[in-house]
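Chain residues, written in single-letter form:
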Amino acid sequence: MVTEKEIWVLLEQVKDPEVPVLSVIDLGIVRSVQTQEDKISITITPTYSGCPAMDVISMDIRLKLIEKGYRNVRIQQQLSPAWTTDWMTETGKQKLKAYGIAPPNHKQQFCKEEMFFEEAVQCPRCHSHHTQLISQFASTACKSMYRCLDCKEAFDYFKCH
Ligand SMILES: [Zn+2]
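Residues numbered from 1 in each chain as written. Predicted model: local features only at pLDDT ≥ 70, side-chain atom pairs only at ≥ 80, totals over all residues. Heavy atoms only, no water.

Caption draft 1: Layout of the pattern of salt bridges. The final tally for this structure, using the stated rule, is four salt bridges. Its salt-bridge partner being D26, residue K95 comes within 2.5 Å of it at the nearest N-O pair. Residue K95 is located in helix 4 (residues 90–98), and its partner D26 is located in helix 2 (residues 24–27); the two are separated by 69 residues in the primary sequence. With its nearest N and O atoms 3.8 Å apart, the salt bridge here joins K93 to E90. Placement of both K93 and E90 in helix 4 is noted, with a separation of three residues, approximately one turn of the helix. Looking at E90, the relative accessible area reads 53%, which means it is exposed. Connected through shared salt-bridge partners, E12, D26 and K95 make up one network. (Salt bridge = Lys/Arg side-chain N within 4 Å of Asp/Glu carboxyl O. Helix = DSSP H or I, 4+ residues; strand = E, 2+ residues; numbered from the N terminus. Buried < 20%, exposed > 50% of the residue type's maximum accessible area, 1.4 Å probe, protein only.)

Caption draft 2: Expanded view of the layout of surface pockets. In this model, the largest pocket occupies a volume close to 200 Å³. Every residue lining the largest pocket is listed: E90, K93, Q94, K97, A102, P103, P104, N105, A120, V121, Q122 and Y157. At four residues, helix 4 tops the list of elements feeding residues into the lining of the largest pocket. Along the lines of polarity and charge, the residues of the lining of the largest pocket split into six nonpolar, three polar and three charged. (1 Å grid on protein atoms, 1.4 Å probe; cavity = no way out; pocket = protein on both sides within 12 Å on 5 of 7 lines; lining within 4 Å. Points joined across faces, edges and corners; volume = space filled by probe spheres on them. Nonpolar A, V, L, I, M, F, W, Y, C, P; charged D, E, K, R; others polar.)

Caption draft 3: Here's a closer look at the coordination of the zinc ion. Looking at the metal site, the zinc ion is ligated by C123 (SG), C126 (SG), C148 (SG) and C151 (SG), spaced 2.2 to 2.4 Å from it. One way to put it: the four donor atoms around the zinc ion meet at angles of 104 to 117°, and that makes the site tetrahedral. You can call C123 buried: its relative accessible area is 0%. Note on C151: relative accessible area 29%, which makes it partly exposed. (Donors = N, O, S within 2.8 Å, 3.2 Å for Na, K, Ca; no water. Tetrahedral: all angles 85-135°; square planar, octahedral: opposite > 155°, others 65-115°.)

Caption draft 4: Just the confidence of the model for the protein chain, in detail. Put simply, the protein chain has an average pLDDT of 85, and 86% of its residues get 70 or more. Below pLDDT 50 for its whole length, residues 108–117 participates in 21 contacts with residues either more than four positions away or in separate chains. (pLDDT = per-residue confidence, 0-100. Contact = heavy atoms within 4.5 Å.)

Caption draft 5: The arrangement of the nonpolar core in detail. Membership of the largest hydrophobic core comes to 30 residues, with the highest contact counts inside it found for I7, L11, V30, I42, I61 and F158. Every element with two or more residues in this core is listed here: helix 1 (4–11), helix 2, strand 1 (30–36), strand 2 (39–44), helix 3 (53–67) and strand 3 (73–77). Dropping the residues within four chain positions of it, L11 is found in contact with S23, V24, I25, V30, V33, I42 and I61. The next biggest cluster of nonpolar side chains, apart from the first, holds seven residues, and it includes A102, V121, C148 and Y157. (Core = buried A, V, L, I, M, F, W, Y, C linked by side-chain atoms within 4.5 Å.)

Caption draft 6: Main features of helix 4. Looking at helix 4, one finds that the buried residues are G92, K93 and L96. Here the buried residues of helix 4 occupy an arc of 100° about the axis, which is enough to place them on one side. Across helix 4 from its buried face, at more than 90 degrees, point the exposed residues E90 and A98. Against the buried residues of helix 4 lie helix 2, strand 4 (101–102) and strand 7 (154–158). In the segment just after helix 4, G100 is the residue with positive phi, at about 95°. (Arc of directions from axis to C-beta.)

Written out as C-alpha cells, the structure reads:
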C-alpha cells in the first residue's frame, strides 16, 4: 500500500531539468496524485506545450518512483487548463531568485507580447527595475534574457504566459 502523501513527498525530490533548484512541486505542474493499492496515477500539466523538458520530467518522475520500488506508475498530461506561472509556489519563486533567475512577475500573468517589452523585470542580483530585454530566448525557450542597467549583469527571466 502506498499513500498519496508519500508520492507528493517523493515528487518534491524531482527537479526541473532546466532549473535544477526547482522541484516539480515548486513549478506547480503536478495536478493530482492518485493511488489505489500499488497503482499510482500522476497527472501533470506541461509548463509550455512542446517544452522538451516535459518528457524529461515525466521520465524523472518515473525513475524516482522506480528507485523507491514503485513500478506501477501511470503519468498522464493534462493540457487544459493551461499552466500559468501563477501556479508556481512562493517557495519556487524565491528559489528562482536565489538561483539568479528573475521569477515571473505577477503583473505579467496575462501579458501580451507587446506588454512584455514595457513591463519592468526586476534584477535578481541588485533588485533594480532598471533592466533591458536583450533576447526573447535565453538558454531555453521558456526564459528570456535581460541585462540590468545598474549592476550591468545579464540574467535570465522566467517568462510569463
Ligand atoms: Zn542589477
